[in-house]
Number of protein chains: 2
Amino acid sequence: MGEAKKRRDYEKELRDAGIRITRARKTILKILEEGEKHPDAMEIFRRASEIDATVSLSTVYRTMKILEDRGAIQRHVFEGGPSRFEPAGGTHHDHLIDTDTGEVVEFRSDKIEALQEEIARSLGYEIVSHRLELYVRKIGRRRG
Amino acid sequence: MGEAKKRRDYEKELRDAGIRITRARKTILKILEEGEKHPDAMEIFRRASEIDATVSLSTVYRTMKILEDRGAIQRHVFEGGPSRFEPAGGTHHDHLIDTDTGEVVEFRSDKIEALQEEIARSLGYEIVSHRLELYVRKIGRRRG
DNA sequence: ATTCCTGCAAAAGATTTGCACGTTT
DNA sequence: AAACGTGCAAATCTTTTGCAGGAAT
């Protein structure tokens, strides 16, 4: 199947869906396309504000919701923090979160995926979705 | 898993720790000991209110915090819902959540545990904690 | 008596929404 | 012009906290 959808073009995606591309949205989308992989709403808002001080936090949230509803981004709620957003569309993966820095690393294990399926099936269920998060710290780092 | 589920005695646990056993706490602890395994704060509050209408939601939360700090219960935040509390102290396990009913089933997979360790280590991390949740539906149940 | 708890109301943090106005198509 | 989108403030929802009175030890 066609893959190679590395570079995202949210703007086209929304335009094609008949959604208007406004100044605020343009700013937010650019941040998503160019910025870090797992920003939270406040982070997006801060960056957007630097480019266009009139953008509001509400609009950030509303834009995230539109993208999420279209499957263009995924929302993750890691322990103890606000929602963080990541571009969707790649292969499925799970997350490893550095508890010291908040950094997120993506990983994938077909073995784990298979085992999950097995477990669910053996209990009479089918998996709708799942989440696996490893909260970790760099080996050797001293305890805070 | 197989071993007899030792009945919890939160009251003794707290008393031994020098924490006062008040009327409100007695009520709440009884609910935890006798009720379902994964109630949320509001559910505990409702049940407590039936026994003693003066118990407040604040006290429910405060009591949960005390128990959590002592490792007597664990708090879980499943997708889209409020925190749910479960008696701690058994072996580690993960959760399977029925998305139709909210019911929680505990399971454990040593294979998955081992794979997680392997993955974290191969990336240069050690696991601090982790969470694996399977959001599922009964096989054969028709879609809503 | 002293220390700890409690209920209440208010605060907090994250996110959503009503509304009147401004912008995109 | 007609729809749609925006900022702002206010509302939600869940959880926490300040405070002054009450209860446990």
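Here the structure is a predicted model, which means the values were calculated and not measured.

A. Representation of the protein's contact with DNA strand C. Lining the immediate environment of DNA strand C, one finds 21 residues, of which A:Y61, B:R20, B:T54, B:S56 and B:T59 sit closest. Here a base oxygen of DNA strand C and a side-chain polar atom of A:R62 are 3.4 Å apart. Between B:V55 and DNA strand C, the recorded distance is 3.4 Å, taken from a backbone N or O atom to a phosphate oxygen. Put simply, the parts of the chain that give the surface near DNA strand C at least two residues each are α4 (57-69) of chain A together with α2 (23-34) and α4 (57-69) of chain B.

B. The arrangement of the UniProt feature "binding site: Fe cation" (unreviewed entry) in chain A in detail. Residues and elements named next belong to chain A. As recorded in UniProt, the sites labelled "binding site: Fe cation" (unreviewed entry) are H92, D94, E113 and H130. Despite a sequence span of 39 residues, these residues sit close together in the fold, their greatest C-alpha distance being 10.5 Å. Checked against the element boundaries, D94 lands in strand β3 (residues 94-98). Taking relative accessible area as the criterion, D94 reaches 3% and is therefore assigned buried. Not counting residues within four places of it along the chain, the set of residues in contact with D94 comprises V105, E106, F107, E113, H130 and L132.

C. Region of the structure containing the environment of A:I44. Residue and element names in this part refer to chain A. Structurally, the position occupied by I44 is in helix α3 (residues 41-51). For I44, a relative accessible area of 0% gives the class buried. In this structure the C-alpha to C-alpha distance between I44 and S109, which are 65 residues apart in sequence, comes to 30 Å. Residues contacting I44, with those up to four places away along its chain left out, are I28, I31, L32, P39, V60, M64 and F85.

D. Examining the pattern of salt bridges more closely. All chains considered together, the criterion is met by 22 salt bridges over all chains. The salt bridge partner of B:E133 is A:R131, with a shortest N-O separation of 2.8 Å. Here A:R131 lies in strand β5 (residues 125-138) and B:E133 lies in strand β5 (residues 125-138), a pairing that spans two chains. Its relative accessible area of 3% is what places B:E133 among the buried residues. Counted as one network, the salt bridges with shared partners bring together A:E36, A:E43, A:R46 and A:R47.

E. Spatial organisation of the pairing of strand β4 (residues 104-107) of chain A. Residues and elements named next belong to chain A. Bridge count for β3 against β4 is 4 bridges, and the pairing is antiparallel. Its bridge partner lying in β4, L96 is registered against V105. Connecting β3 to the antiparallel partner β4 that follows it, the hairpin turn spans 5 residues, and G102 within it adopts a positive phi of roughly 85°.

F. Expanded view of the protein's contact with DNA strand D. DNA strand D sits among 21 residues. The nearest are A:T54, A:S56, A:T59, B:Y61 and B:S83. Of all DNA strand D atoms lying within 4 Å of any protein atom, the proportion belonging to sugar or phosphate reaches 65%. At 2.9 Å, a side-chain N or O of A:R25 approaches a phosphate oxygen of DNA strand D. Take B:Y61: an N or O atom from its side chain is 2.3 Å from a phosphate oxygen of DNA strand D. Broken down by secondary-structure element, the contributors of at least two residues to the surface near DNA strand D are α2 (23-34) and α4 of chain A together with α4 of chain B. The element contributing the most residues to the surface near DNA strand D is α4(B), with 4 residues.

Definitions and limits used
Residues numbered from 1 in each chain as written. Chains lettered and ligands numbered in written order. Predicted model: local features only at pLDDT ≥ 70, side-chain atom pairs only at ≥ 80, totals over all residues. Heavy atoms only, no water. Near = heavy atom within 4 Å. Polar contact = N/O pair within 3.5 Å; in protein donor to acceptor, adjacent residues only side chain to side chain. Helix = DSSP H or I, 4+ residues; strand = E, 2+ residues; numbered from the N terminus. UniProt positions renumbered as here; feature names shortened; annotations may be inferred. Buried < 20%, exposed > 50% of the residue type's maximum accessible area, 1.4 Å probe, protein only. Contact = heavy atoms within 4.5 Å. Salt bridge = Lys/Arg side-chain N within 4 Å of Asp/Glu carboxyl O. Pairing = 2+ DSSP bridges.

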